[in-house]
Amino acid sequence: MAVQKTLAIIKPDATARNITGKIISRIEEEEFTIKAMKRLHLTLADAQRFYAVHKERPFYKDLTAFMCSGPVVVLCLEREDAIAKWREVMGATNPANAAEGTLRKLHAVDLEKNSVHGSDAPETAAVETAFFFSGLEMA
Ligand code: CMP
């Protein structure tokens, strides 16, 4: 399996509860290399652009409002099979369905306030990492 990059976001529900460090520790324990990282407060327009793929979904308005309700930490992660591995570490989108020990099982509040985001495929990983970081920052 090839070495890949993926985008991780530590969402506002997690930064609000001061569990950023716990989540970053887990990222390092799982042997991801943090290629780039920053903490920022998205505007509504940023969140709408980032989640544009979901704009027809009923949860889009609430999701985008939530994502700009407080700071997020965005990370470009690298390791072998990074996209699938980060999704495995996060667990299912809905914490009610997440496996024991996954970040969402441990920390998520509900389906919307689910603490972390990860890219779902190589194409989205390329678009999502480039949304936040330049090539130079991820080198
Ligand atoms: P995320 O992996 O960031 O991708 C889209 C987000 O929309 C998802 O996590 C959830 O936080 C949120 N969301 C809210 N409602 C739903 C839903 N019914 N199905 C999928 N995602 C949802």
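What you see as residue numbers is a count from 1 along each chain, following the sequence as written. Thresholds applied to this predicted model are a pLDDT of at least 70 for local features of residues and 80 or more for the giving and counting of side-chain atom pairs; totals over whole chains, interfaces and linings are not thresholded and use all residues. Hydrogens and water molecules were not included; the side-chain quantities draw on all heavy atoms of the structure.

(A) Expanded view of the environment of Ala99. Each helix is a run of H or I in the DSSP string that is no shorter than four residues. Each strand is a run of E no shorter than two, and both are numbered from the N terminus. Mapped onto the fold, Ala99 is located in the loop between helix H5 (82-90) and helix H6 (103-107). The exposure class of Ala99 is partly exposed, given its relative accessible area of 45%. Taking C-alpha positions, Ala99 is 9.3 Å from Val89, a pair spaced 10 residues apart along the chain. Burial here depends on accessible area, computed with a 1.4 Å probe over protein chains only, as a share of the maximum for the residue type. Under 20% is buried, over 50% is exposed, and the range in between is partly exposed.

(B) Spotlight on the site of the ligand. If even one non-hydrogen atom of a residue comes within 4 Å of a molecule or strand, that residue is called near it. For the ligand, the full set of nearby residues is Lys11, Tyr51, His54, Phe59, Leu63, Thr93, Arg104, Leu111, Glu112, Asn114 and His117. Whenever a nitrogen or oxygen atom comes within 3.5 Å of another N or O atom, the pair is scored as a polar contact, on the condition that within protein one atom can donate a hydrogen and the other can accept it, and that pairs from neighbouring residues in sequence are kept only if both atoms are in side chains. Measuring from an oxygen atom of the ligand, one finds a backbone N or O atom of Glu112 at 3.2 Å. Between the ligand and His117, the relevant distance is 2.9 Å, taken from an oxygen atom to a side-chain nitrogen or oxygen of the residue. Summarising the interface, the protein chains cover 78% of the accessible area of the ligand, which totals 460 Å² for the free molecule. Accessible surface area values rest on a Shrake-Rupley calculation with a 1.4 Å probe, where residue burial reflects the displayed protein chains alone.

(C) Summary view of the nonpolar core. Grouping buried Ala, Val, Leu, Ile, Met, Phe, Trp, Tyr and Cys residues that are joined through side-chain atoms within 4.5 Å yields what is termed a nonpolar core. Counting residues in each nonpolar core, the largest one holds 18 residues, and the members touching the most others are Ile9, Met67, Phe132 and Phe133. Elements supplying a minimum of two residues to this core: strand E1 (3-10), helix H3 (44-50), helix H4 (60-67) and strand E3 (72-80). We call two residues in contact whenever any of their non-hydrogen atoms come within 4.5 Å of each other. Once residues within four sequence positions are removed from consideration, Phe132 is found in contact with Leu7, Ile9, Lys38, Leu40, Leu42, Phe50, Val74 and Glu137. In terms of nonpolar packing, the next biggest core, distinct from the first, is built from 17 residues, Ile19, Ile23, Ile27 and Val73 among them.

(D) Representation of the pattern of salt bridges in the model. Only one rule defines a salt bridge in this text: a Lys or Arg side-chain nitrogen within 4 Å of an Asp or Glu carboxyl oxygen. Tallying each qualifying case throughout the model produces nine salt bridges. Glu30 is the partner of Arg26 in a salt bridge, and the nearest nitrogen-oxygen pair spans 2.8 Å. For Glu30, the salt bridge identified is with Lys85, shortest N-O distance 3.5 Å. Here Lys85 lies in helix H5 and Glu30 lies in the loop between helix H2 (20-29) and strand E2 (33-40), a separation of 55 residues in the sequence. The pair formed by Glu30 and Lys85 is uniform in burial state, with each residue classed as buried. Ionic contacts of the salt-bridge type, sharing partners, join the residues Arg26, Glu30, Lys85 and Glu88 into one network.

(E) View of the side chain of Asp13. For Asp13, the location among the structural elements is in helix H1 (residues 12-16). Excluding residues that lie within four positions of it along the chain, Asp13 makes contacts with Phe66, Val109, Lys113, Asn114 and Ser115.

(F) Layout of the packing of aromatic side chains. Classification of ring pairs uses Phe, Tyr and Trp, with its six-membered ring standing for Trp, and accepts pairs whose centres are within 6.5 Å; under 30 degrees between planes counts as stacked, over 60 as edge-to-face, and the remaining range as tilted. Tallied over the full model, the rule gives five aromatic pairs. Centroid distance Phe50 to Phe132: 5.5 Å. Interplanar angle 45 degrees. Geometry classified as tilted. Of the two residues, Phe50 sits in helix H3 while Phe132 sits in helix H7 (residues 122-132), which places them 82 residues apart along the sequence. Each member of the pair, Phe50 as well as Phe132, carries the same accessibility label: buried. Summarising the aromatic geometry, the rings of Phe131 and Phe132 are spaced 4.8 Å apart at their centres and angled 70 degrees between planes, so their arrangement reads as edge-to-face. Overall, Phe131 belongs to the partly exposed group, its relative accessible area being 25%. Members of the aromatic cluster, each reached through a chain of ring pairs, are Phe50, Tyr51, Phe131 and Phe132. Directly above the aromatic system of Phe32 lies the positively charged group of Arg79, at a separation of 5.6 Å from the ring centroid. Whether a charge sits over a ring comes down to the Lys NZ or Arg CZ being within 6 Å of the ring centre and within 35 degrees of the ring normal.

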